[in-house]
Amino acid sequence: GDSVTQMEGPVTLSEEAFLTINCTYTATGYPSLFWYVQYPGEGLQLLLKATKADDKGSNKGFEATYRKETTSFHLEKGSVQVSDSAVYFCALNSGYSTLTFGKGTMLLVSP
Amino acid sequence: GAVVSQHPSWVICKSGTSVKIECRSLDFQATTMFWYRQFPKQSLMLMATSNEGSKATYEQGVEKDKFLINHASLTLSTLTVTSAHPEDSSFYICSGSSGGAGSDTQYFGPGTRLTVL
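This one's a predicted model, so the numbers in the text were calculated from it and none came from an experiment.

Visitor: Break down the interface of chain A and chain B for me, with residues and values.
Guide: With 19 residues of chain A at the interface, the matching set in chain B holds 18 residues. Between chain A and chain B the total buried area reaches about 1,300 Å² when both faces are included, carbon and sulfur atoms providing 55% of it. Across the chain A-chain B interface, the total number found is 0 salt bridges. Scanning the region where chain A abuts chain B turns up 5 residue pairs in polar contact (both at pLDDT 80 or more).

In structure tokens form, the structure reads like this:
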């Protein structure tokens, strides 16, 4: 079955540091890939998505590239801010409408 | 665009009572709505999937008589937790999908925190 594996957190960074959160997946067919962000006490917000190999999703300075050869969708940001502190979820959709989530990675950014 | 609201945002109830949570898609028609449950510091657990006008499809292990889901219109789905008990306390999140172009994307509500005393 489908699965998503994320690096365990928390990831602790200083402001303006470079961020990478690793995500790899196992899926049938050609899934769409997503990153969602959850701020404390809130629901999930779509951060970015990619629907086919080599697509790059980007939003708010975050980027992730759909790598079919390595079955990865790593999230990156060149310079994090304190306001980026949240839990980040990698997810995939194999075309059956349901999302398969990773366990989430907490990011803590200090001033 | 693609905004989903939930009401209430939090609720406290006594054991044995029922609680209804509403999920609304504000600016799109949600052909499919999903209900999730999230425990502290954990990922989301899909409870059920509902299509407008149809009975919900529940995930294995989710009691359909306890968690009643109604998706009566393209903009509204409700989750009723019947005879709630303390172990039902959790964060419940809904999401909607349009079913059209880009239908692989789900848009999430802000969540409802249920506390059962």
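Visitor: Which residues make up the state of the cysteines, and what values go with them?
Guide: Within the structure shown, the criterion is met by 2 disulfides over all chains. One disulfide in the model links C23(A) with C90(A); its S-S distance is 2.0 Å. On the S-S bond that ties C23(A) to C90(A), the torsion sits near -70°, and the link is left-handed. Remark: C90(A) occurs in strand β10 (residues 86-93) and C23(A) occurs in strand β4 (residues 23-26); sequence separation between them is 67 residues. Neither residue differs from the other here; C23(A) and C90(A) are each classed as buried. Sulfur-sulfur distance for the disulfide between C23(B) and C94(B) comes to 2.0 Å. What sets the handedness of the C23(B) and C94(B) disulfide is the S-S torsion sign, and at about 80° it is right-handed. With a gap of 71 residues between them, C23(B) in strand β3 (residues 19-25) and C94(B) in strand β9 (residues 90-97) connect regions that are remote in the sequence. Given the relative accessible area of 0%, C94(B) is considered buried. Not part of a disulfide, C13(B) finds its nearest cysteine sulfur in C94(B), a span of 18 Å. According to the relative accessible area criterion, C13(B) is buried, its value standing at 9%.

Visitor: Describe the environment of G102(A), naming the residues involved and giving the relevant values.
Guide: Along the chain, the position of G102(A) falls in the loop between β11 (100-101) and β12 (105-110). Every residue in contact with G102(A), bar those within four places of it in the chain, is listed here: V4(A), Q6(A), F89(A), C90(A) and S43(B).

Visitor: Can you break down the pattern of salt bridges residue by residue, with the values?
Guide: Residues and elements named next belong to chain A. Overall, the coordinates contain 5 salt bridges over all chains when judged by the stated rule. For the salt bridge of E63 with K56, the shortest nitrogen-to-oxygen distance reads 3.6 Å. A salt bridge links K77 to D84, with the shortest nitrogen-to-oxygen separation between them at 2.8 Å. The same class applies to K77 as to D84, namely buried.

Visitor: Go over the sheet that holds strand β1 (residues 4-7) of chain B with me, naming the residues and quoting the values.
Guide: Residues and elements named next belong to chain B. With antiparallel pairing, 4 strands are arranged side by side in an open sheet as β1-β3-β8-β7. The open sheet has two edge strands with one neighbour each: β1 and β7 (67-73). Neighbour to neighbour, the strand axes of the sheet diverge by 15° on average, direction disregarded. Two strands pair when backbone bridges link them, and β1 and β3 are joined in this way by 4 bridges, in the antiparallel orientation. The residue bridging H7 from the neighbouring strand is E22, located in β3.

Here is what the cut-offs are and how they apply
Residues numbered from 1 in each chain as written. Chains lettered and ligands numbered in written order. Predicted model: local features only at pLDDT ≥ 70, side-chain atom pairs only at ≥ 80, totals over all residues. Heavy atoms only, no water. Contact = heavy atoms within 4.5 Å. Buried area = accessible area lost by both parts, 1.4 Å probe. Salt bridge = Lys/Arg side-chain N within 4 Å of Asp/Glu carboxyl O. Polar contact = N/O pair within 3.5 Å; in protein donor to acceptor, adjacent residues only side chain to side chain. Disulfide = S-S within 2.5 Å. Helix = DSSP H or I, 4+ residues; strand = E, 2+ residues; numbered from the N terminus. Buried < 20%, exposed > 50% of the residue type's maximum accessible area, 1.4 Å probe, protein only. Pairing = 2+ DSSP bridges. Axes fitted to C-alpha atoms, helices over the stretch in contact; angles between N-to-C directions.

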